[in-house]
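Structural description and commentary
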Amino acid sequence: MKNDPVLLGKVERFVGSLAQCGELGIKPVFAAPNELILELPYSKAIIGNPDTGVIHGGAITTLMDTSSGSVVICGLEEFELCPTLDLRVDYMHAAEPGKPVFAKATCYKITRNIIFTRCLAYQETDEEPVAQCVATFMRIGAEATPLPFRQMIMGEEIVDGLSKEGSV
Amino acid sequence: MDLRNIVARAHENGDYSELIATIPYAVTIGVECERFGDEVLFKLPRKKSNIGNPILPAIHGGVIGGFMEISASLYLLMFQDTPKLPKIVDISLDYLRAGLDKDTYVECKLTRQGSRVANVIVTAWQKSRDEPIALARAHFLFS
C-alpha cells in the first residue's frame, strides 16, 4: 500500500493536538485507507524498568491507543472524535531499549455506532511483535465534534465562521 | 538498586515517593501513592501533558491505562514480597466515562495469585469511587 499524504496530514494534525503524544514524541509515519503507522521514539522518560532500560507497558498502551483511535481518520469521510470503549493489550515480549517502537493499526469494521480496530506494536519487523491490541471505539457523530477542530484536522479553511453544513 | 529495600523503607516511613521515582515513566505521568492502614491508593494529579482529548479536555486513554498498569505492578511489589517488578502479560481496559482534566485515583484488588501469575482488578475514578472512569483486569508474571 502507498503512503497517502492527505490522510497523513490529517493524522499529523490530529496527533499533534494531543498533549501526551507531544510529551512522548509519538508521530505518524504512514497512512493509507484504513491503515496507519505511528512511531514512538525511545527516550528515558518512558522507561519502566531502570535496570534494563525497557520501555513501560503504559507508553506502549498510549502508542497503541493513539494509533487505533487515529486510524478512524483513515476510515471515515468526515473527522469525528471517537472515544475508546475498550482496549485489550497483550504484551508478547519486552521492547529492545534504544530503538523506536512502531504501531500499525487497522480499522477492520465500521458500523453506524462502533468502530473495530486491531493494532500491532513492533520494532524491526512486524513479524516479531512487541504487543498486540484489539479495541472498540464509539462513534458520537461528526456534529458532536466542534467544527473548528474538525476543520483544523481536515485541513479546511474556516470562512467567516460560516460552517460547511450551514452553507448547504 | 535493591527494590526490596526501597519497598521496606517506604512501608516503614509511609513515603512511597522514592519507590515511584525508580520508574521514569511513573515520574513522567506523575504517579503518587498513599497508604491508609492496610490499604493503598494511587493518585495521578491533574497534569497538562497527560491530556489526550483537547476539546473536553480529557486525559489520554493510554495515560489512564498506563497509570492503572503501574499502580497494579507497584501494588504487587508492595504486597507480594517479590524482589522485582512483575512483568505485564496482558491488560483489558474498559473506559466508562471521560477522564476529565482532574486528579484521578486508582485502587487495586488482587483476584488471584498463583506461583507465577497474578490477576489484578483495577478501578480508576475521579469524582466518586461509585462512578469509575475506567476498569481494568491485568495479568502479571513473576520471574
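Residues numbered from 1 in each chain as written. Chains lettered and ligands numbered in written order. Predicted model: local features only at pLDDT ≥ 70, side-chain atom pairs only at ≥ 80, totals over all residues. Heavy atoms only, no water.

**Overview of the overall build of chain A**
Let me state the cut-off plainly: Helix and strand definitions here come from DSSP, where helices need a minimum of 4 consecutive H or I residues and strands a minimum of 2 consecutive E residues; each element is numbered from the N-terminal end. Contact definition: two residues touch when any of their heavy atoms are within 4.5 Å. All accessible areas in this document rest on Shrake-Rupley with a 1.4 Å probe, and a residue is counted as covered only by the protein chains that are shown. Positive charges come from Lys and Arg alone, negative charges from Asp and Glu alone, with His and the N- and C-terminal ends not counted. Charged side chains are reduced to one point each, which is NZ for Lys, CZ for Arg, CG for Asp and CD for Glu.
Within chain A, the regular secondary structure consists of 5 helices and 8 strands. Moving toward the C terminus, one meets the helices and strands of chain A in the order α-α-β-β-β-β-α-β-β-β-β-α-α. For chain A, the spread of C-alpha atoms along the three principal axes comes to 60 × 30 × 30 Å. Put simply, of all contacts in chain A between residues at least 6 apart along the chain, 64% involve residues at least 24 apart. As displayed, chain A offers around 7,600 Å² of accessible surface, 54% of which is attributable to carbon and sulfur atoms. Side chains of chain A give 14 positive and 22 negative charges; the mean places of these two sets differ by 4 Å.

**Quick notes on the environment of Phe14(A)**
Here Phe14(A) is to be found in helix α1 (residues 5-16). Separated by 10 residues in the primary sequence, Phe14(A) and Asp4(A) have C-alpha atoms spaced 15 Å apart.

**Details of helix α4 (residues 61-79) of chain B**
Stated precisely, the cut-off is as follows: The length a helix should cover is 1.5 Å for every residue beyond the first.
Taking 1.5 Å as the rise per residue, α4(B) with 19 residues should run 27 Å; its terminal C-alpha atoms sit 27 Å apart, in good agreement. Two residues or fewer past α4(B), Asp81(B) is found with a positive phi of approximately 50°.

**Observations regarding the sheet that holds strand β5 (residues 87-95) of chain B**
Selection rule: By this definition, two strands are paired if DSSP reports at least two bridges between them. Lines fitted to the C-alpha atoms define the axes, with helices restricted to the stretch that makes contact. Angles between their N-to-C directions range from 0 to 180 degrees.
One open sheet holds the 12 strands; their spatial order is β1(A)-β2(A)-β6(A)-β7(A)-β8(A)-β5(A)-β5(B)-β8(B)-β7(B)-β6(B)-β2(B)-β1(B), and the pairing between them is antiparallel. Across the chains shown, the open sheet's two edge strands, defined by having one partner strand only, are β1 (27-32) of chain A together with β1 (32-36) of chain B. In this sheet, neighbouring strand axes are inclined to one another by 20° on average, regardless of whether the strands run parallel or antiparallel. Sheet topology note: the β1(A)/strand β2 (residues 35-40) of chain A ladder contains 5 bridges and is antiparallel. Paired with Ala31(A) across the bridge in β2(A) is Leu36(A).

**Points about the nonpolar core**
Where we set the bar: Only buried residues count toward a nonpolar core. Its members are Ala, Val, Leu, Ile, Met, Phe, Trp, Tyr and Cys residues joined through side-chain atoms within 4.5 Å. When accessible area is computed with a 1.4 Å probe and restricted to protein chains, residues below 20% of their type maximum are described as buried, those above 50% as exposed, and intermediate ones as partly exposed.
Grouped together as the largest cluster of nonpolar side chains are 90 residues, with contacts concentrated most on Phe14(A), Ile60(A), Met64(A), Leu19(B), Phe42(B) and Met68(B). The element best represented in this core is α4(B), accounting for 11 residues. Those residues in contact with Phe42(B), other than ones at most four positions away along the chain, are Glu32(B), Cys33(B), Phe67(B), Ser71(B), Leu74(B), Tyr75(B), Met78(B), Thr104(B), Tyr105(B), Val106(B) and Cys108(B). Within the second largest apolar cluster, 5 residues are counted, among which are Phe30(A), Ala32(A), Ile37(A) and Phe102(A).

**Quick look at the pairing of strand β6 (residues 104-113) of chain B**
Remark: a regular strand shows side chains that alternate across the two faces of the sheet. Residues and elements named next belong to chain B. Where strand β2 (residues 39-44) meets β6, 3 bridges bridge the pair, whose relative direction is antiparallel. Within β6, the position partnered with phenylalanine 42 by the bridge is valine 106. Where β6 lies against strand β7 (residues 117-125), 8 bridges are found, and the strand directions are antiparallel. Bridge pairing in β7 links valine 106 to alanine 124. Taking the residues that link successive antiparallel strands as the turn, the β6-β7 hairpin has 3 residues.

**Focus on the packing of α1(A) against helix α4 (residues 147-154) of chain A**
Residue and element names in this part refer to chain A. Inclusion rule: If an angle is under 35 degrees, it is roughly parallel; if it is over 145, roughly antiparallel; if it lies from 65 to 115, roughly perpendicular; otherwise it is oblique.
Packing of α1 against α4 leaves a shortest axis separation of 7 Å and a crossing angle of 130°. As far as their axial angle goes, α4 and α1 are oblique. Contact with α1, carried on its side by Lys10, Arg13 and Phe14, involves Phe149, Met152, Ile153 and Met154 of α4 and no other residues of that element.

**Considerations on unusual backbone geometry**
The peptide bond linking Leu56(B) to Pro57(B) adopts the cis configuration, its omega dihedral lying at -15°. Relative to the helices and strands, Pro57(B) is located in the loop between β3 (51-53) and β4 (58-59). We note that Asn34(A) has phi near 60°; this positive angle belongs to a residue other than glycine. Of note, Asn34(A) is situated in the loop between β1 and β2.

**Observations regarding the packing of helix α3 (residues 57-70) of chain A against α4(B)**
Spelled out, the test is: Note: crossing handedness is left-handed where the near helix turns anticlockwise from the far helix by less than a right angle, and right-handed where it turns clockwise. Under the grouping applied here, Gly and all other residues not named as nonpolar or charged are polar, the nonpolar ones being Ala, Val, Leu, Ile, Met, Phe, Trp, Tyr, Cys and Pro and the charged ones Asp, Glu, Lys and Arg.
Packing of α3(A) against α4(B) brings their axes to within 8 Å, and their N-to-C directions diverge by 155°. Taken together, the axes of α3(A) and α4(B) are roughly antiparallel relative to one another. By crossing handedness, the relation of α3(A) to α4(B) is classed as right-handed. Contact residues: α3(A) offers Gly57(A), Gly58(A), Thr61(A), Thr62(A) and Asp65(A), while α4(B) offers Gly61(B), Gly62(B), Val63(B), Gly66(B) and Glu69(B). Class assignment of the residues belonging to the contact of α3(A) with α4(B) gives a composition of 1 nonpolar, 7 polar and 2 charged.

**A word on α4(A)**
Taken together, the buried positions of α4(A) are Phe149(A), Arg150(A), Gln151(A), Ile153(A) and Met154(A). Two residues or fewer after α4(A) comes Gly155(A), characterised by a positive phi angle close to 80°.

**Looking at the interface of chain B and chain A**
What counts, and what does not: Here the quantity called buried area is the accessible surface, traced with a 1.4 Å probe, that two parts lose on coming together, added over both. Put simply, a salt bridge is a Lys or Arg side-chain nitrogen that is within 4 Å of an Asp or Glu carboxyl oxygen.
With 31 residues of chain B in contact, the opposing surface of chain A contributes 33 residues. Summing both sides of the interface, chain B and chain A together bury roughly 2,500 Å²; the carbon and sulfur share of this comes to 58%. When residues of chain B are sorted by the area they lose upon contact with chain A, Tyr25(B), His60(B) and Tyr95(B) head the list and together hold 22% of the total. Scanning the region where chain B abuts chain A turns up 1 salt bridge. In this structure, Asp90(B) engages Arg88(A) in a salt bridge whose closest nitrogen and oxygen atoms are separated by 3.5 Å.

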